[in-house]
Each structure stands twice: as C-alpha cells, then as structure tokens.
Amino acid sequence: MANRSSTEVRSTCPYCGVGCGVLIDVKAGQIADVRGDPLHPANFGRLCTKGATLHLTAQPTTRALYPGLRRDRGAPRKRASWDEALDLAAERFGRTIWEHGPDSVAFYISGQLLTEDYYVFNKLARALVGTNNIDTNSRLCMSSAVTGYKLTLGADAPPACYEDLDQADCVLIAGSNMAYAHPILFRRLEDARERNPALKLIVIDPRRTDTAAAADLHLPVFPGTDVALFNGMLHVLIWEGLCDLDYIGRHTEGFEALKQAVKEFTPSSVAATCGIAEADLVQAARWFGGARAVLSLYCQGLNQSVQGTEKNAALINLHLATGQIGRPGAGPFSLTGQPNAMGGREVGGMATLLSGHRDPASTTDREEMARFWDIDELPATPGKTAVEIFDAMRDGQIKAIWIACTNPAQSMPDHAKVVEALQRADFVVLQEAYRSTETAAFADVLLPATSWGEKEGTVTNSERRISRVRAAVAGPGEARHDWRIAVDFARRLGPRLGKDAERLFPYEHPEQIYDEHRETTRGRDLDITGLSYAVLESRGPQQWPFPEGATTGKSRLYEDGVFATASGRARFIAAPCRALAEATDVRFPLHLSTGRLRDQWHGMSRTGTVGRLFHHVEEPLLSLNQQDMQRRGLSNGDLVRVSSRRGELRLRVQSAEDVRPAQAWLPMHWGSAFMQGGGTNVLLPSAFDPHSKQPELKHAAVRVEKLEYAWQVMALRSGDALSRLDSVRPLLREFPYATCGLIGRDVPVLVFRAAAPAPVADEAIVRLDAALGLDDDVQVMNYQDKRRGVSKRALVLDGRLVGARLIGETTAREWLKELIASGASAADARRWILAPIASTPTGQTPRGRVVCNCFDVSEARIRAELGAGATLEQVQELLQCGTSCGSCLPELRRMAIETRGTAKPAQPVEEIV
Ligand code: SF4
C-alpha cells in the first residue's frame, strides 16, 4: 500500500471502533478535505457523516495551543512554557508520591489515544511511579466485553471479523444501534442482506431504533433482561435439539450445569420477564439454532450494565452451544466504541490489565513484565478503576490525577460526585487537544496535545486490525504528541523518585515504542512479532495474531476448537439474572436509557465544532412514548424537568414511537459545555459490574414533569461562532433552561436558547448581547416593547443578517436562523426582521431537520416527495439523499415504510422558543 501521494496522507478516522481508513487532503500545509480510503479493508472507501466531515474539525479556534497553569486553586490559569508546566507537574506528583505513596496518584486516559501513547502511559504508571492506578474511559465502554471473553473463551480476543458479515445467514445484534454507532459496518450488513435476502436479522433493543426497524425480528426487551432472554433462547435450543452436542463435547466445559440452570427459563416465563411475545423468543432461537452461520454483534447495551459480564457470557453461551464460533460467518463479535479501545487492551492500559494481555493480579505476569522492563518489580496492589478512582479522589485517598485525551467531567456517571472529586483533588493535570472541555475547568495544569491528522502511530479496530495513523500536518501552537508529553514528564519525575527515567523512556519516535510493545506480545495470544511499521507501510492494515514468520494475520480465532483456557476448552457460564442498579417506583416511574446520535461523537468536543453535524438533531431532546406524553399533558417541544435519584436536567421533550410506554430515552452527548446543568450523566448511577467494573451508564429510574417557562430567548450569531461559544458558555448557568450549539453548512452559526418562568435579570441579557457582538447600539437594530416584554436586536453587515436576539416574541426564529445560516441578502427581509408583531415573510416555511447531511436534504422535503406518491428510489434519484455516505439510508427506509402506512409517522418537533 502506498504511503502517501503528493497531496493525500493515508490515516484512520478517530471516531468509532470500525476503524475506517481515510485519505487526508493537504493543501498549503492545511487539512483541506478528507475521503474514505478505498484500500482500507474496514471501509473500502466509505465514510459516515462524522468521518466525512473530519476536515471541518481541523481548525485551531477551539484547540488548546499553549500550556497553562495555576499555582492556587481559584486563580485563573495563565499561559506558561512547557518547562514551567512540566516542572510543576513533576514537582507536585513527586511530592505527593514521596509523602503519600505511589497509590496516592492516578492516571485516567483514553481509548482515543494511539497504542504508542497508551504504552508509554502504562509504563509510566506501573514501572516508574509504581502504581496500578491507571484506567481509561474504555472502562465505560467495553470492559464487560473483556471480562466476558476472558471468562468464557480464556482471552480478550474478538474471534470474528468484518468479512463474516458476508458469510453469515443469521445476524443477531444486541444492545447496539449499529446504524448510528457503527454506520460503515451497518452499510456492510446492508450489502450482505442485499446479496443474500435469506439472511435473517434479529435485533434486541428496548427501543425501536433505525437498526431495529431494519430487522426481520425485533425483540424490544425490557431494560436489563438480556440474560433472561439469552437463557430462554438456550432453553429453546436445548428443548428443540438445536444444540451441537458434538462441538459441546469436544470443545467446551460446564454445559451440564448451565443446562440445569436454564431449565427454569421457559419461553412463557422469559417472554413475561422480557416483555416480548413468546412466539418471537422461540422464533429467534429457531433462527439462531437453524442457521448455517450466526454472527452476533453487540455493544454498550450489553456492556454498560451491573451485569455486563454475565450478559456477554450468556450470549457467548449460545454460540458455544451451537458451535457457532471459529468458522466463517460465525462468532460472538463485540464492537468497540472507541477507535483504539482494542489497542489500549493490548498494552494493558487499564487497571485490570497488563501489557501483552497479561494480568496484573498474576505474580508470574508481573515478574515477566518487570524483567522485560528491567526493573525490580511491578506493583501488586490492585489498581483502581474509573469509578473507583474518582471515588478515591473524593475521599482524599487519591490526591493527584493526570487525565489525558478524555473528559470525565462530562462522561462519567453520577456527575455531581465526579465534579466534587475534581474539586477536592490537590492537583489535576489535563492533557487535551481542546481547550474548553468540561474537565478543563478543573485543571491546574493544561497541556496542549496534538490530535487527528497531526499524530503518528497505530490503532487497532474492533476486528483486531492494526492500522498506521499518519500525520498530515503539524499540531497547532505549541501542541505536543501525547506520547511525547508522557515521556517528557517521566524524565522529569524519574529523578524525584530516584529512578533512571532516561533508560526507561529512551523514545524519540513512536516506532521505537511500537517495537518495544511488539516484543511484549511474543508467544502470547495477540503475538504481533511479525508486524512492524515497515510491514504496515508495505502491506496495509493487518489483523493479529501475526507472529514472526507469518505472512498474514488471522481473520478468525479458535478455528481448531482450542480455546485460551487452561484446559483448552471454552467455558459455559451459568449466569444468574440480576436486577438493574436501581428500580423504578412511584417517585421515579420511568426507565431512562441513553444512547448515541448519528452525527455526534461522545462529549462533542470535536463534532460539536461542526455546524452541519447539528442539523440532524440540534439540541438534547428527551424522547417519550405518546402515552406518557399525554399522561403528563405534554406536547412536542415542551420543556420538562427530568429527575433521577442523583440530579435533574431541564430540557425539551419529543414524542417518539420508538420508545415503549414507561420508558424514556436521552442522547449521551450533551454536557455542561452545551447545556445548562451537568448534562446527561447527572442522572446516571455509578453502580458497576463487580467483574468488569463497568458502570451502568445505560439505565436510571427517572420522573418527568412539565415546566411552564413562558419567558423565552433565542439568539443567533455568525462570524467567529466558535470563539463566541466560549464567551456564551458561562451564560448557560444564568438561565433555568439553556442550550448552545451550532448550525450552518459551511459557515458556523451560534445558536443560544434559553427559557425561564419569569424574566431573568437584565444583566444576563446585557452579557449575552456582548458575547454575541450585539451590544453596539450604533450598528445594531433595536426594538423594545417594555409593556409586552418584547425585546429584539439584529445586526446586518454588508447587506447580510449576521446576528439576532429575540426575547418575548420568537415566532420568526426559524426563518431568521435560515436567513443567517444561508448568508442570503437581508435587503428584502429587512422590514420583517424586527417587525413588532410575530411574523415572517409570506411563503417562508422553515425546512426543519436535515436527514441527508451529504446533500443537505431535509426531512420535510423527503416526506413531501414520499407523500406525493414517489418511491424511495425516485426520491433518491430526485434529491440524491442517501446516495453518498449512506448514513441516512436506514432512516430513509423507515420513512418510506411509514409513508406507505405500515407504521405511524414520527411527529415533527415544534419549536417553542
Ligand atoms: Fe469513522 Fe464513521 Fe468509520 Fe466510525 S464508521 S470509523 S465514525 S467513518
């Protein structure tokens, strides 16, 4: 595979675990465009909406450019030199370790780091500092998949590959809205179904997502009942003679105990437990048991649970019982959420793992790694995992923390506790590419890191495939590579601890780190001793294992039926059914679940800088079933208070047919950088699975109450929208309800919404006007009607409307939004802009949300064509929607079905501000 052309650099997408290859177009030293790499075996040239807009995120405006530090809490951070910042960090960490021991500090890192970054941090924590307190945000994402694999198959290794989608004749998706979360893999599944219409797709999800809507059979189980469902399916497989007894006898152990355990999981009792039809359960089991090859794909719906490990194991049981593993088209395949969660697992970048898939609890493994690193010993005290680290910070046990490439103040559950922990910590270092993440507010030292398009190294995707990540441009300002920052810190900290850090961290290039990491895998299940940067350059991305002498990696594992356990047999696990972390009751009667949107990524620090990525969903909306809406007297767009046992949020509500009665759904992405309050994780509990330590981020018991907030604000501003976001963010706290975000296809436009039961202090509005540049009374058009409580401002520059702020009378908001976003001339519209009555020019109807991001096609336009009798193919030919990246195809198909009358149409959300 060629390394690079004159203008294009081959790298990977930094978002999800599909690990798509990208070609970065560089012009005049800047990232100008991006396209899918046609040679990358994960995506063969395709990208989803997020990947296809990556080049729009490559701008310095939102980046951390220089080190900053503060010596006193409460004081603002000031710009500092790298030497000053690193010296302070080394001095504070050194002193803390000297006074309180190595376990008084912790490292909290990220599945978005490259493998080389991860390796250095792991060595820094264990070999230099002497603590196992190093964990990662992957703990929130896939640690139950790790423990599930290890418990049953003996090693943390997904046994299948993407090509298995083409070979399967039954695909089961559990706890994953793959159409949104892993879109390019879903495209591959759609292709496979087109080639093989007999392929059966079963989707298990409490919500009728676009993935579920595409299924032949959707099992909308009650939250937390997956183990019962899988045990019930196994009951049917056993009862109907659909198990592969020969495979069970030759390659597994523990089947008899499991058989006894699932006796009580009769179809009728399981159907009642799960809230599904008995016939559907039996059908799912029969398709599973009768298929030539079954592939299961699963993600956070199984993992983010207090019994995540057992949910994983119960699904793997089905594959072992039917021999559906270790052959083409078959296997239990965990999809990783983050781009390099797998790479982190390889180097032991979690408290419960050690380099090369070793175990920090094993004396032998620790001794092996100590010899490898040429140090006396590695720490034996178990390390704290994500939730435990922040709990220990609150308790004062952990006094200093180093956070890299992640945003726990947004992403950790039980947000209030995490904020308290960060406030109580003696010393917080944040190594980040973006300067305004929620966690940045707590950093005593902020170290600017390079990011996508600027870094060199490797990542491993969900199918064990290692790809080279390449730098297309230099980092902005004084940003440094993550591995480089860790090495620079280690070399300063070493002498304070009496250790030879120069010897331990001799690296000057990521390839040296990769080569060292490679040696840690020799002879182990993930052996990559046959791989090097040179091999990856010449032959492209490769799957592990790839031992020395091999000519290719392994697509599938366990083809010989020999597993990575002591006996060589896979283990059946009789998983008990355990309750959710918290039950609903009269005070909190609704089951809230959380999930991903199609066009946003995690805490939005990157995707939240691109206006067009807000066009599909502009703001955080709570989805409720129509029955629950009616019971509470709610209409689309109404404001509600959502409360759990930990906290509350105020946001708007929408009716959603995909959510069952007594349930609610909220996207995971919004935090306090984009809304009033702490964001979605204010509501979620920090209870975790005892095996994997993964918290139950998928469920909370909540109540929903209507809010009557008559006083409303809407403000818009183009020009410097990204910089203005930083000025507007503090104002979110001034209103009981407020959100901020962007819109705009090419030029971002800032959108600020707020509401309150009564007018807020004038001072907040004055500050809002100033933040938006709408405070210049000479330039700005102003309309005031104090008696009616109406106040409007608008700014026209060079004949174009560039800013508007409306209070009290906001009917024209959607029209003004489009006028600003389109950059159209304001000449004809001038007299309407501040019209004293709520009005817009005749014939101007807002087009609403955009479904196809590539061709900017709105839902209203698509529905109009479908409603007029056009087929989906005709609509696509006319509007081109869904003909480029394809991310909107599942939604288009659902809309076509709805229009044909086989399902109820979704109700449009009406604006209230
Ligand atoms: Fe990136 Fe989309 Fe591919 Fe995931 S599916 S790696 S987000 S382009």
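Above: the structure in question.
(A) A look at the packing of helix H9 (residues 226–239) against helix H13 (residues 278–290). Two elements in contact, H9 and H13, have axes whose closest approach is 9 Å; the angle formed by their N-to-C orientations is 65 degrees. The crossing of H9 and H13 is right-handed. Contacts from Leu229, Gly232, Met233, Val236 and Leu237 in H9 reach Leu281, Val282, Ala284, Ala285, Phe288 and Gly289 in H13. A breakdown of the residues in the contact of H9 with H13 according to their chemical character gives nine nonpolar, two polar and no charged.

(B) Inspection of helix H30 (residues 859–867) at higher detail. Among the residues of H30, Glu859, Ile862 and Leu866 are the ones counted as buried. All buried residues of H30 lie within an arc of 70 degrees about the axis, which places them on one face of the element. Along its buried surface, H30 packs onto strand S33 (850–852), strand S34 (857–858), helix H31 (872–879) and helix H32 (889–899). Phi turns positive one or two residues past the end of H30, at Gly869, with a value near 105 degrees.

(C) Region of interest: the pairing of strand S18 (residues 465–469). Within S18, five of the five residues are buried, leaving the element largely enclosed by the surrounding structure. The two faces of S18 match: Arg465, Ser467 and Val469 on one face and Ile466 and Arg468 on the other face are all buried. Across four bridges, the pairing between strand S17 (residues 457–460) and S18 is antiparallel. Note on S18: the bridge partner recorded for Thr460 is Ile466. Counting the residues that bridge the hairpin from S17 to S18 gives four residues, and of these Arg464 lies at a positive phi of roughly 65 degrees.

(D) Geometry of the site of the ligand. With respect to spatial proximity, the complete set of residues near the ligand consists of Cys13, Tyr15, Cys16, Gly19, Cys20, Leu47, Cys48, Lys50, Gly51, Pro183 and Ile184. Listed by contribution, the elements that provide at least two residues to the shell around the ligand are helix H1 (49–52) and helix H7 (183–195). Partitioned by chemical class, the residues of the shell around the ligand number eight nonpolar, two polar and one charged.

(E) Seen up close, the packing of aromatic side chains. As enumerated under the stated definition, the model contains 17 aromatic pairs in all. Taking the centre distance of 5.8 Å and the plane angle of 40 degrees together, the rings of Phe93 and Phe107 count as tilted. In this pair, Phe93 sits in helix H2 (residues 82–100) while Phe107 sits in strand S6 (residues 105–109), placing the two residues 14 residues apart along the sequence. Residue classification places Phe107 among the buried positions, given a relative accessible area of 0%.

(F) Structural view of the nonpolar core. Grouped together as the largest cluster of nonpolar side chains are 85 residues, with contacts concentrated most on Phe390, Leu622, Phe735 and Phe752. Among the elements that take part in this core, helix H18 (residues 386–395) stands out by supplying six residues, more than any other. The contact partners of Phe390, leaving out residues within four places of it in the chain, are Tyr108, Ile401, Pro408, Met412, Val418, Ala421 and Leu422. Ranked by size, the runner-up nonpolar core spans 63 residues in total, among them Leu153, Ala284, Ala321 and Ile466.

(G) View of the environment of Pro67. Relative to the helices and strands, Pro67 is located in the loop between H1 and strand S4 (68–69). Spatially, the C-alpha atom of Pro67 lies 9.8 Å from that of Gly477, the residues being 410 residues apart in sequence. In contact with Pro67, not counting residues within four places along its chain, are Lys78, Arg79, Ala80, Ser81, Trp82, Ala85, Leu446, Leu447, Pro448 and Glu478.

(H) Structural view of the pairing of strand S30 (residues 781–785). Relative to strand S31 (residues 790–797), S30 runs antiparallel, the two sharing five bridges. Residue pairing across strands places Tyr783 opposite Lys792, the latter belonging to S31. Hairpin connection between S30 and S31: a loop of four residues separates the two successive antiparallel strands, and Gly789 in this loop has a positive phi of roughly 70 degrees.

(I) Main features of the state of the cysteines. Taken as a whole and assessed by the stated rule, the structure comprises zero disulfides. Residue Cys852 stays outside any disulfide, its sulfur separated by 4.2 Å from that of Cys888, the closest cysteine. Cys852 gets classed as buried once you look at its relative accessible area, which sits at 2%. You can see Cys854 has no disulfide; the closest cysteine sulfur is in Cys885, sitting 3.6 Å from it.

(J) Region of interest: the sheet that holds strand S15 (residues 427–432). Spatially, seven strands are ordered S5-S4-S16-S15-S14-S6-S7 in an open sheet, and the strand pairing comes out mixed. The sheet is open, and its two borders are formed by strand S5 (78–79) and strand S7 (134–136), each paired with just one other strand. Pairing of strand S14 (residues 400–404) with S15, which is carried by five bridges, proceeds in the parallel orientation. Paired with Ala404 across the strands is Gln431, a residue of S15. Its contacts with the sheet put H18 on S6, S7 and S14, and the angle it makes with S6 is roughly 140 degrees.

(K) Just the packing of helix H4 (residues 143–153) against helix H15 (residues 308–322), in detail. Their axes nearest at 8 Å, the elements H4 and H15 cross at an angle of 45 degrees. Compared by their axis directions, H4 and H15 come out oblique. Between H4 and H15 lies a crossing of right-handed hand. Residues Ser144, Ala145, Thr147, Gly148, Tyr149, Leu151, Thr152 and Leu153 of H4 form the contact with H15, whose own contacting residues are Gly308, Thr309, Asn312, Ala313, Ile316 and Leu320. Class assignment of the residues belonging to the contact of H4 with H15 gives a composition of seven nonpolar, seven polar and no charged.

(L) Highlighting helix H28 (residues 813–822). The buried fraction of H28 amounts to seven of the 10 residues, a majority that puts the element mostly inside the structure. Buried within H28 we find Arg813, Glu814, Trp815, Leu816, Lys817, Leu819 and Ile820. Lining the buried residues of H28 we find strand S27 (711–718), strand S28 (737–743), strand S29 (749–756), strand S32 (800–807) and helix H29 (830–833).

(M) Geometry of the environment of Ala656. Structurally, Ala656 is set in the loop between strand S24 (648–655) and strand S25 (663–667). The spacing of Ala656 and Gln626 is 30 residues in sequence and 6.7 Å in space, taken between C-alpha atoms.

(N) Geometry of the sheet that holds strand S8 (residues 170–174). Reading across the sheet, the five strands line up as S10-S9-S8-S12-S13 and stay open at both edges, with parallel pairing between neighbours. The outermost strands of the open sheet, each flanked by one partner alone, are strand S10 (217–219) and strand S13 (331–334). Neighbour-to-neighbour, the strand axes of the sheet open up by a mean angle of 15 degrees, direction not taken into account. Relative to S10, H13 is tilted by about 125 degrees, and along the sheet it contacts S8, strand S9 (200–204), S10 and strand S12 (294–298). Its contacts with the sheet place H15 against S8, S12 and S13, and it is angled at close to 170 degrees to S12.

(O) Broad picture of the side chain of Glu310. In this fold, Glu310 is placed in helix H15. For Glu310, a relative accessible area of 9% gives the class buried. Not counting residues within four places of it along the chain, the set of residues in contact with Glu310 comprises Val227, Ala575, Pro576, Arg578 and His691.

(P) Quick look at the environment of Tyr118. Mapping Tyr118 onto the fold places it in helix H3 (residues 115–129). Exposure remark for Tyr118: the relative accessible area of 0% places this residue in the buried category. As a C-alpha pair, Tyr118 and Trp483 span 365 residues in sequence and 7.6 Å in three-dimensional space.

Procedures and definitions
Along each chain, residue indices are assigned from 1 in the same order as the chain's sequence is written. Since the coordinates come from a predicted model, pLDDT governs what is reported: local features require at least 70, and pairs of side-chain atoms require 80 or more to be given and counted, while whole-chain, interface and lining totals use all residues. Side-chain figures throughout are based on the complete set of non-hydrogen atoms in the structure, without hydrogens or water. Here an angle of 0 to 180 degrees is reported between the N-to-C directions of two axes, which are lines fitted to C-alpha atoms, with helices fitted over the stretch in contact. Helix and strand definitions here come from DSSP, where helices need a minimum of 4 consecutive H or I residues and strands a minimum of 2 consecutive E residues; each element is numbered from the N-terminal end. Whether a crossing is left-handed or right-handed is set by the direction in which the near helix is turned from the far one by less than a right angle, anticlockwise for left-handed and clockwise for right-handed. Contacts are assigned to residue pairs with any non-hydrogen atoms lying within 4.5 Å of each other. Under the convention adopted here, Pro, Cys and the residues Ala, Val, Leu, Ile, Met, Phe, Trp and Tyr are nonpolar, Asp, Glu, Lys and Arg are charged, and Gly plus all remaining residues are polar. Only protein chains enter the calculation, and the probe is 1.4 Å; a residue is then buried if its accessible area is under 20% of its type maximum, exposed if over 50%, and partly exposed in between. Directions drawn from the helix axis to the C-beta atoms are what define this arc. A pair of strands counts as paired when DSSP detects no fewer than two bridges linking them. A cutoff of 4 Å decides nearness: a residue is near a molecule or strand if any of its heavy atoms lies inside that distance of it. Planes of paired rings set the category: under 30 degrees apart is stacked, over 60 is edge-to-face and the rest tilted, where pairs are Phe, Tyr or Trp rings (Trp by its six-membered ring) whose centres lie within 6.5 Å. Working definition of a nonpolar core: buried Ala, Val, Leu, Ile, Met, Phe, Trp, Tyr and Cys residues. They are joined through side-chain atoms within 4.5 Å. When two cysteine sulfur atoms lie within 2.5 Å, the pair is treated as a disulfide. Each angle is binned into one of four classes, with values under 35 degrees roughly parallel, values over 145 roughly antiparallel, values of 65 to 115 roughly perpendicular, and all other values oblique.

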